[in-house]
2 protein chains.
Amino acid sequence: MALLSVLTPVLAAVLCLVAGLVLVKSRDPKNTSQGKSGASTTVEHRPWVDQDLQDDTEGSIKGRDDDDDDNADIADEEDLPQMPYLAARYPEETMLERSKEFYTLLNQRRTVRSISPEPVPREVIDNVIRTAGTAPSGAHTEPWTFVVVSDPVVKHQIRLIVEEEEEVNYRQRMGDKWVNDLARLKTNWVKEYLDAAPYLILIFKQTHGILPNGKKKTHYYNEISVSLSCGIMLAALQNVGLVTVTSTPLNCGPQLRLLLKRPANEKLLMLLPVGYPAADATVPDLKRKPLNDIMVHV
Amino acid sequence: MALLSVLTPVLAAVLCLVAGLVLVKSRDPKNTSQGKSGASTTVEHRPWVDQDLQDDTEGSIKGRDDDDDDNADIADEEDLPQMPYLAARYPEETMLERSKEFYTLLNQRRTVRSISPEPVPREVIDNVIRTAGTAPSGAHTEPWTFVVVSDPVVKHQIRLIVEEEEEVNYRQRMGDKWVNDLARLKTNWVKEYLDAAPYLILIFKQTHGILPNGKKKTHYYNEISVSLSCGIMLAALQNVGLVTVTSTPLNCGPQLRLLLKRPANEKLLMLLPVGYPAADATVPDLKRKPLNDIMVHV
């Protein structure tokens, strides 16, 4: 181990050299084919690369950091200036305390289908969405649109679209087994919370952006990025005592997109009805896996 | 609007009747083909359904709530007992205050590549992972495995695998334009933080589970569910003052899975190096979109 940590800088240096060399070569046209043959040999020696690419719904762009600063937006501009990262540093006892409190808070989160129609302050919803907007995204494309619906007429139109499609789903797409299972679980396609909840938040992923010149700009990892953002939103909602039903309506995306007049590059990822829990709200007595069932330490 | 809200229960009732009728019919074998022809007519009148299904990487299972209680695990058992949902209810001023504080906290999150090797209390990491494990998941399958690596030798093996693949990615998969852009952004495939960070958290999605009878159990929405869980983990890390680089290593999944001895039904979704920021850490001076650029109110 000691030896390795001594070697690390050396290895890094060597890799840098190789990197530089490769960059130079890859810019030289007559080396392209060579590079390609190099690629195929590489793959021959790594069957799992292909295997993995088959699992990869995002094709050849995986592997770029899905974060804030590896930024396609600015790749054609001057480099961004760096600034110092000033972070809160807590004593260990405080860290431990904060980690416990946050776990306790989020462990109380449940999917609640009985949502109260009571009004919720709009500014709270705004802050929840601001918070979701702090998520990292591939090349900092921030490929999300949060449509907040409070108009009862539009909420009801959404309900009718979702329920109609859900009925078709349960009937013809899920097969008898699912229908039976769900029936036994008293789950069906009637979703009163879509009328009751004071807000419906529809989260759209932008599959690509449009550049000033009208060309498409790919949004790398748009689904993963927007899902990360939804995870942060669920935490933000729990933090203020609001509940939701984390749902991904089947096949309703295009209809809801048209209803809400969203452009074609936006696809519905999630629909979150948001409000206070109804006074008589109940949830199934489910348990979560203990730490040792979800974590492995190496 | 008033009329509509009066009509809602009626509509719900009608849909329930239709539902019941459909259930009965769908259990009758001789009606199956009828059901199918019904399906095709339905689709004829909804071109966007097919259009949407083409975008749907998860085939025919979308549309089920991605939540805690619509539960495939228990679908063959007795219904779970319901229990009252007891939630914290805050006064509006408190909600507003909490929503602002949480936004302020998470808005300080940045991807930080300079991670300090200082040790971090293991119990804090455990609580962060417990917190991530509270995320909702399709049919409550909890399809995630969090591998926490602190062994320097294994961390270094991971670094070598990631850097080797990253070099191939930049060279042969991203094309010259990307390589040039990234070079100008001083981003390359040398990732010192994979040695430096006291912990590497590798998040695997379980594409399916194995039932006691050895059969596969599909994990619906496993990628979205695990991404939600990662979003919550990013919030939990920020809450205790730790930093990470949100990364999705290209093509390394299978090699890292073998290195970490994870089963074949687990695919690497994310790799998060976790630690304190280095004293001299800097981040690019990026801005986030303002609320009005990410939110639409209806």
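So, a few notes on the structure that sits alongside this text. Counting restarts for each chain: residues are numbered from 1 in the order of the written sequence. All chains are assigned letters beginning with A, and all ligands numbers beginning with 1, in the order in which they are written. Restriction of local features to residues with pLDDT of at least 70 applies here, the model being predicted, together with a cutoff of 80 or more for giving and counting side-chain atom pairs; totals for whole chains, interfaces and linings are based on all residues. In computing side-chain values, all of the structure's heavy atoms are included and hydrogens and water are not.

Observations regarding the overall build of chain A
Item 1. The way it works is that DSSP assigns letters per residue, a run of H or I at least four long becomes a helix, a run of E at least two long becomes a strand, and they are numbered from the N terminus. Of the regular secondary structure elements, chain A holds 11 helices and 8 strands.
Item 2. In chain A, buried positions account for 58% of the 298 residues.
Item 3. Partitioning the contacts of chain A with sequence separation of at least 6, the portion at a separation of at least 24 is 82%.
Item 4. The method behind every accessible area is Shrake-Rupley, applied with a 1.4 Å probe, and residues are considered shielded solely by the protein chains displayed. Carbon and sulfur atoms make up 58% of the accessible area of chain A, which totals about 12300 Å². Classification of residues uses two cut-offs on accessible area relative to the type maximum, computed with a 1.4 Å probe and protein chains only: under 20% is buried, over 50% is exposed, and between them is partly exposed. Throughout, a residue-residue contact means that at least one pair of heavy atoms, one from each residue, lies within 4.5 Å.

Overview of the sheet that holds strand S8 (residues 295–297) of chain A
Sheet strands line up and pair through hydrogen bonds in the backbone, either parallel or antiparallel.
Item 1. The sheet built from 4 strands is open, its strands ordered S8(A)-S2(B)-S3(B)-S6(B) with mixed pairing. Looking at the sheet topology across the chains shown, the edges are occupied by S8 of chain A together with strand S6 (266–274) of chain B. On average, each strand axis in the sheet is tilted by 20 degrees relative to the strand beside it, whichever way the strands run.
Item 2. The rule for pairing is simple: two strands pair if DSSP sees at least two bridges between them. Strand direction decides the pairing type here: strand S2 (residues 144–149) of chain B and strand S3 (residues 199–206) of chain B, joined by 6 bridges, are antiparallel. An axis is simply a line fitted to the C-alpha atoms; with a helix, the fit covers only the stretch in contact. Between two such axes, the angle follows the N-to-C directions and lies from 0 to 180 degrees.

Observations regarding the environment of Trp-189 of chain B
Residue and element names in this part refer to chain B.
Item 1. Within the fold, Trp-189 resides in the loop between helix H7 (175–184) and helix H8 (193–196).
Item 2. According to the relative accessible area criterion, Trp-189 is buried, its value standing at 3%.
Item 3. Taking the C-alpha atoms as reference, Trp-189 lies 8.6 Å from Glu-165; in sequence the two are 24 residues apart.

Here we look at the pairing of strand S2 (residues 144–149) of chain A
Item 1. Counting buried positions over the 6 residues of S2 of chain A gives 6, a clear majority of the element.
Item 2. Residues Trp-144, Phe-146 and Val-148 of chain A line one face of S2 of chain A and the alternating positions Thr-145, Val-147 and Val-149 of chain A line the opposite face, and both faces are buried.
Item 3. Where S2 of chain A meets strand S8 (residues 295–297) of chain B, 3 bridges bridge the pair, whose relative direction is parallel. When the bridges of S8 of chain B are listed, Phe-146 of chain A appears paired with Met-295 of chain B.

Side note on the packing of aromatic side chains
Item 1. Paired rings are identified among Phe, Tyr and Trp, the last through its six-membered ring, by centres lying within 6.5 Å, and are further divided according to the angle between planes into stacked (under 30 degrees), edge-to-face (over 60) and tilted (the rest). For the structure shown, the criterion picks out 1 aromatic pair over all chains.
Item 2. Counting as a charge over the ring demands two things of the Lys NZ or Arg CZ atom: a distance within 6 Å of the ring centre and an angle within 35 degrees of the ring normal. The ring of Tyr-276 of chain B has Arg-89 of chain A sitting right over it, with the charged end atom 3.5 Å from the ring centre.

Some details on the sheet that holds S2 of chain A
Item 1. Taking strand neighbours across the sheet as the criterion, the 4 strands line up as S6(A)-S3(A)-S2(A)-S8(B) in an open arrangement whose pairing is mixed. Lying at the two open borders of the sheet, with one neighbouring strand each, are strand S6 (266–274) of chain A together with S8 of chain B. The mean inter-strand angle of the sheet, taken between neighbouring strand axes irrespective of direction, is 20 degrees.
Item 2. Sheet analysis places strand S3 (residues 199–206) of chain A next to S6 of chain A, joined by 8 bridges and oriented antiparallel. Each residue of the ladder has a partner; that of Ile-203 of chain A, found in S6 of chain A, is Met-270 of chain A.

Brief notes about the packing of helix H5 (residues 122–132) of chain B against helix H9 (residues 222–239) of chain B
Helix packing geometry: the angle between the two helix axes and the distance between the axes.
Residues and elements named next belong to chain B.
Item 1. At a minimum axis distance of 8 Å, the contact between H5 and H9 shows a crossing angle of 145 degrees. In terms of crossing hand, the pair formed by H5 and H9 is right-handed. Mapping the contact onto sequence places Val-128, Ile-129, Thr-131 and Ala-132 in H5 and Ser-229, Ile-232, Met-233, Ala-236 and Leu-237 in H9.
Item 2. Partitioned by chemical class, the residues of the contact of H5 with H9 number 7 nonpolar, 2 polar and no charged. Working rule for handedness: look at the near helix, and if it is turned counterclockwise from the far one by less than a right angle, call the crossing left-handed; if clockwise, right-handed. Residue polarity is assigned by list, with Asp, Glu, Lys and Arg as charged and Ala, Val, Leu, Ile, Met, Phe, Trp, Tyr, Cys and Pro as nonpolar; anything else, Gly included, falls into the polar class.

Re unusual backbone geometry
Residue and element names in this part refer to chain B.
Item 1. Backbone geometry places His-140, a non-glycine residue, at a positive phi of 50 degrees.
Item 2. Tracing the sequence through the fold places His-140 in the loop between H5 and S2.
Item 3. Backbone geometry places Lys-261, a non-glycine residue, at a positive phi of 55 degrees.
Item 4. When its relative accessible area of 70% is taken as the criterion, Lys-261 is described as exposed.

Scope: geometric values only; no functional claims are made or implied.
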